[in-house]
Amino acid sequence: MIRPVPKRYAWGSYSRLQTLFADELPAQMLDDGQPLAEMWFSGHPQSPSRLEAPDGSFTTVPQAIRDHPEAMVGRRVSEQFGPELPFLFKIIAARIPLSLQVHPVDFEARAGFNAQNAQGIAMDAPERSFHDAEAKSEMVVALEPFHASVGFGTIRFMLRNLSMVGHPLASRMVEALTERTMRIGQTPEGFEQADAMMPVSSMVWPDSRRRIFRAFYTAITAPPTDDLQAQLRYASLRVSDPVSRLAFRHALAAAEAFPADPSVLTLLMLNPVSLQEGESVFIPAGTPHAYIHGTAAEIMNNSDNVLRAGMTVKHKDIPRLLHTLNCQPGAPVDPADAQFGDMATRDGNLIVYRPHIDQFMLAYGTTGPHAQAWPVMDRIHRRYGALLRQLTLGRVDQGRNKPRIVLCTHGMVRCSSEQESRVLSAGQAVFVPACEGWVTVESAGDEGESVAGRDGQAGRDGLVGGSFLMATTQV
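Residues numbered from 1 in each chain as written. Predicted model: local features only at pLDDT ≥ 70, side-chain atom pairs only at ≥ 80, totals over all residues. Heavy atoms only, no water.

As recorded in an unreviewed UniProt entry, the chain goes by the name mannose-6-phosphate isomerase, listed as coming from Bifidobacterium thermacidophilum. Of the comments in the UniProt record for the chain, the one headed Sequence similarities (unreviewed entry) reads "Belongs to the mannose-6-phosphate isomerase type 1 family." (UniProt positions renumbered as here; feature names shortened; annotations may be inferred.)

If you want it as structure tokens, here you go:
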């Protein structure tokens, strides 16, 4: 078994994770009325998960991998990433919006980590931005309706939104987006400070990206203002476009949580994302984003690096954030669109999410006689119906020679490797080492074994269904 590490932040839920992980949390954490934001299944050195062996002994994930790297993570993973778990897997529950942030690209992560070490900043210091030297891309899969703002929309979209807000700061952002410069090195009057903060790479940016940078900079460096919330609410009443309406809804939610924070206006520049269960979004390093509300699985590089710009009580590192900011407009990336041949449809749902990154991938599935189709499955069937009709799998098999974490998120499931089998109930998870070969996740129980889940009853043939997540690597 692998034990999650609880993380408490002000934006967390008062009940969602406490309910899911009721058997994994100390009693005092269930009854103290404090928010719980994240549960980490982690090999990160600052917050390692514990592994419980069948004999009841404990070790940590990093120690177990150091002791037996090839057996735990496999030869290919160990050779490519070193003796470590190359991903960090979390379940998160956001009650209110959390910080407007960017994760560093590789060279910024290395430079920032080494610089803060040289400055003698303690790893647990609140002003610490870099907790490791790893770049960080991440992927989110909704476990229930989940809202976020991810990456820059088109300039037309930004102007449509910001021009409706009757506030001087929004007007200044519109000016930044519309002031064109025809020569490299030319700066519109009044935006000299913004241009001074651009990274060296901006010398080859198209003018549109420099305009986006200036507008974003204008919002995150503005002084606190008390009248944004009313202006946003008034403007939202006049919005007709559904995507803009969602963007205003996100900005209003952020303004209610952070009433004087001008950075909430940047949410009118970002793509609003509304995910139903099973839907996903991939967030490459350098992409600005903010989570608004909901519960989701999150998987990323084995990194805890965060550069914040606003909507937070934590440390902001605006200069480094601006140096790693990706200002290219683009639609959010859905990593589930690439590989639908891994879907099981006979007695449930299964989607495999493979972003373009070697360190991680994720599978999310339901199994059992009572499994109901997720809304996302309708879209998938319409697009890939002919392919899916050929599939008759009733379980998920993931490749051998990889480290895997399997978490039951609802009901009960049976997780079996070539060497061991275990029934998991909601909130329980196992770490399956690479040396244990293939992994199968299916309904708990069999014809001779009647097992009842927390929420109910065994189905046909004594089977109990449930839902599960499997985190692993792509190499």
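K.L.:
Explain the overall build of the chain to me, using residue names and the numbers behind them.
P.N.:
Broken down by element type, the chain carries 14 helices and 21 strands. Relative to its full complement of 475 residues, the chain shows a buried share of 58%. Across the chain, contacts joining residues at least 24 apart in sequence account for 74% of those joining residues at least 6 apart. Approximately 19,600 Å² of the chain is accessible, and the part contributed by carbon and sulfur atoms is 50%. (Helix = DSSP H or I, 4+ residues; strand = E, 2+ residues; numbered from the N terminus. Buried < 20%, exposed > 50% of the residue type's maximum accessible area, 1.4 Å probe, protein only. Contact = heavy atoms within 4.5 Å. Areas by Shrake-Rupley, 256 points an atom, 1.4 Å probe, with all protein chains shown as cover.)

K.L.:
How would you explain the environment of Gly 12 if you had to name every residue and give the values?
P.N.:
The topology assignment puts Gly 12 in the loop between strand E2 (5-7) and helix H1 (16-20). When its relative accessible area of 0% is taken as the criterion, Gly 12 is described as buried. Distance in space between the C-alpha atoms of Gly 12 and Ile 92 is 7.9 Å, their sequence separation being 80 residues. In this structure, Gly 12 is in contact with Pro 35, Leu 36, Ala 37, Ala 93 and Arg 95, ignoring residues within four places of it in sequence.

K.L.:
Could you give an account of helix H6 (residues 106-118), with specific residues and numbers?
P.N.:
The terminal C-alpha atoms of H6, which comprises 13 residues, lie 18 Å apart, in line with the 18 Å expected from a rise of 1.5 Å per residue. Of the residues making up H6, those classed as buried are Glu 108, Ala 109, Gly 112, Phe 113 and Gln 116. For H6, the angular spread of the buried residues around the axis is 125°, confining them to a single face. Backbone geometry just after H6 places Gly 120 at a positive phi near 75°. (Expected span 1.5 Å × (residues − 1). Arc of directions from axis to C-beta.)

K.L.:
Tell me about the nonpolar core, and name the residues and values.
P.N.:
Leu 232 and Leu 265 are the most contacted members of the largest nonpolar core, which totals 56 residues. What Leu 232 contacts, discounting residues up to four positions off in sequence, is Val 165, Phe 248, Ala 251, Leu 252, Ala 255, Val 264, Leu 265 and Leu 268. Within the second largest apolar cluster, 43 residues are counted, among which are Leu 25, Val 77, Leu 362 and Tyr 364. (Core = buried A, V, L, I, M, F, W, Y, C linked by side-chain atoms within 4.5 Å.)

K.L.:
Account for the side chain of Thr 218, with residues named and values stated.
P.N.:
Checked against the element boundaries, Thr 218 lands in helix H10 (residues 207-220). Using a relative accessible area of 12% as the deciding quantity, one classes Thr 218 as buried. Ignoring any residue separated from it by four or fewer positions in sequence, one finds Thr 218 in contact with Leu 169, Arg 172, Met 173 and Phe 191.

K.L.:
Residues and numbers for the side chain of Glu 298, please.
P.N.:
Structurally, Glu 298 can be placed in strand E12 (residues 289-301). Of the side chains with opposite charge, Lys 90 comes closest to the buried, unpaired Glu 298, at an N-O distance of 4.3 Å. Within polar-contact distance, the side chain of Glu 298 engages the side chain of Tyr 291 at 3.1 Å. Once residues lying within four places of it in the same chain are set aside, the contact partners of Glu 298 are Glu 38, Leu 88, Phe 89, Lys 90, Ile 92, Glu 138, Met 139, Val 140 and Tyr 291. (Lys, Arg positive; Asp, Glu negative; His and termini not counted. Salt bridge = Lys/Arg side-chain N within 4 Å of Asp/Glu carboxyl O. Polar contact = N/O pair within 3.5 Å; in protein donor to acceptor, adjacent residues only side chain to side chain.)

K.L.:
So what's going on with the sheet that holds strand E1 (residues 2-3)? Residues and values would help.
P.N.:
The strands that make up a sheet are held in pairs by hydrogen bonds between backbone atoms, and each pair lies either parallel or antiparallel. Taken in spatial order, the three strands of this open sheet run E1-E4-E5, and their pairing is antiparallel. The sheet is open, and its two edges are formed by E1 and strand E5 (58-60), each paired on a single side. (Pairing = 2+ DSSP bridges.)

K.L.:
For the pairing of strand E21 (residues 466-472), give the residues involved together with the corresponding values.
P.N.:
Buried residues dominate E21, accounting for seven of its seven residues. Side chains Gly 466, Phe 468, Met 470 and Thr 472 project from E21 onto one buried face, and the interleaved Ser 467, Leu 469 and Ala 471 project onto a second face that is buried too. As defined by bridge partners, strand E15 (residues 361-367) adjoins E21 across seven bridges and the pair is classed as antiparallel. By the bridge assignment, Ala 363 is partnered in E21 with Met 470. In terms of strand pairing, strand E17 (residues 404-417) meets E21 through six bridges, oriented antiparallel. Looking at the pairing, Cys 408 lines up with Phe 468 of E21.

K.L.:
Pulling in residues and values, what's your account of unusual backbone geometry?
P.N.:
Positive phi, normally seen in glycine, also occurs at Met 311, with a value near 55°. Here Met 311 is to be found in the loop between strand E13 (307-310) and helix H13 (318-324).

K.L.:
Account for the packing of helix H7 (residues 155-162) against helix H12 (residues 242-257), naming residues and giving values.
P.N.:
At a closest axis distance of 11 Å, the pairing of H7 and H12 adopts a crossing angle of 60°. Handedness of the H7/H12 crossing: right-handed. Only Val 243, Ser 244, Ala 247 and Phe 248 of H12 make contact with H7, whose side of the interface consists of Phe 157, Arg 160 and Asn 161. When grouped by side-chain class, the residues that make up the contact of H7 with H12 number four nonpolar, two polar and one charged. (Axes fitted to C-alpha atoms, helices over the stretch in contact; angles between N-to-C directions. Left-handed = near helix turned anticlockwise from the far one by under 90°. Nonpolar A, V, L, I, M, F, W, Y, C, P; charged D, E, K, R; others polar.)

K.L.:
I'd like a description of the environment of Thr 366, backed by residues and values.
P.N.:
Within the fold, Thr 366 resides in strand E15. Of the residues examined, Thr 366 reaches a relative accessible area of 13% and is grouped as buried. A sequence separation of 17 residues divides Thr 366 from Asn 349, and the C-alpha atoms of the two residues are 5.2 Å apart.

K.L.:
Explain the packing of aromatic side chains to me, and be specific about the residues and the numbers.
P.N.:
Counted by the stated rule, this structure contains six aromatic pairs. Seen in terms of ring centroids, Phe 21 and Phe 41 are 6.2 Å apart; in terms of plane orientation they differ by 45°. Their pairing is tilted. One end of the pair, Phe 21, is in the loop between H1 and helix H2 (27-31); the other, Phe 41, is in strand E3 (residues 38-41), with 20 residues separating them in the sequence. Each member of the pair, Phe 21 as well as Phe 41, is classed as buried. (Phe/Tyr/Trp six-rings, centres within 6.5 Å; stacked < 30°, edge-to-face > 60°.)

K.L.:
Got a sec to walk through the pattern of salt bridges? Specific residues and values, please.
P.N.:
By the definition in use, this model includes 14 salt bridges. Here Asp 32 and Arg 8 are joined by a salt bridge, their closest N and O atoms 2.7 Å apart. Taken together, the positions of Asp 32 in the loop between H2 and E3 and Arg 8 in the loop between E2 and H1 put the pair 24 residues apart, joining distant regions of the chain. The partly exposed category is assigned to Asp 32, whose relative accessible area is 32%.

K.L.:
Would you mind going over the confidence of the model for the chain in detail, with residue names and values included?
P.N.:
Should the pLDDT be low somewhere, the predicted coordinates at that spot are not to be read in detail. Of all residues in the chain, 86% attain a pLDDT of 70 or more, and the chain-wide mean is 87. Low pLDDT, under 50, characterises residues 337-347; the stretch is placed with 40 contacts to residues that sit more than four places away or in other chains. Taken together, the stretch residues 446-461 has pLDDT below 50 and engages in 30 contacts with residues farther than four places along the chain or on a different chain. (pLDDT = per-residue confidence, 0-100.)

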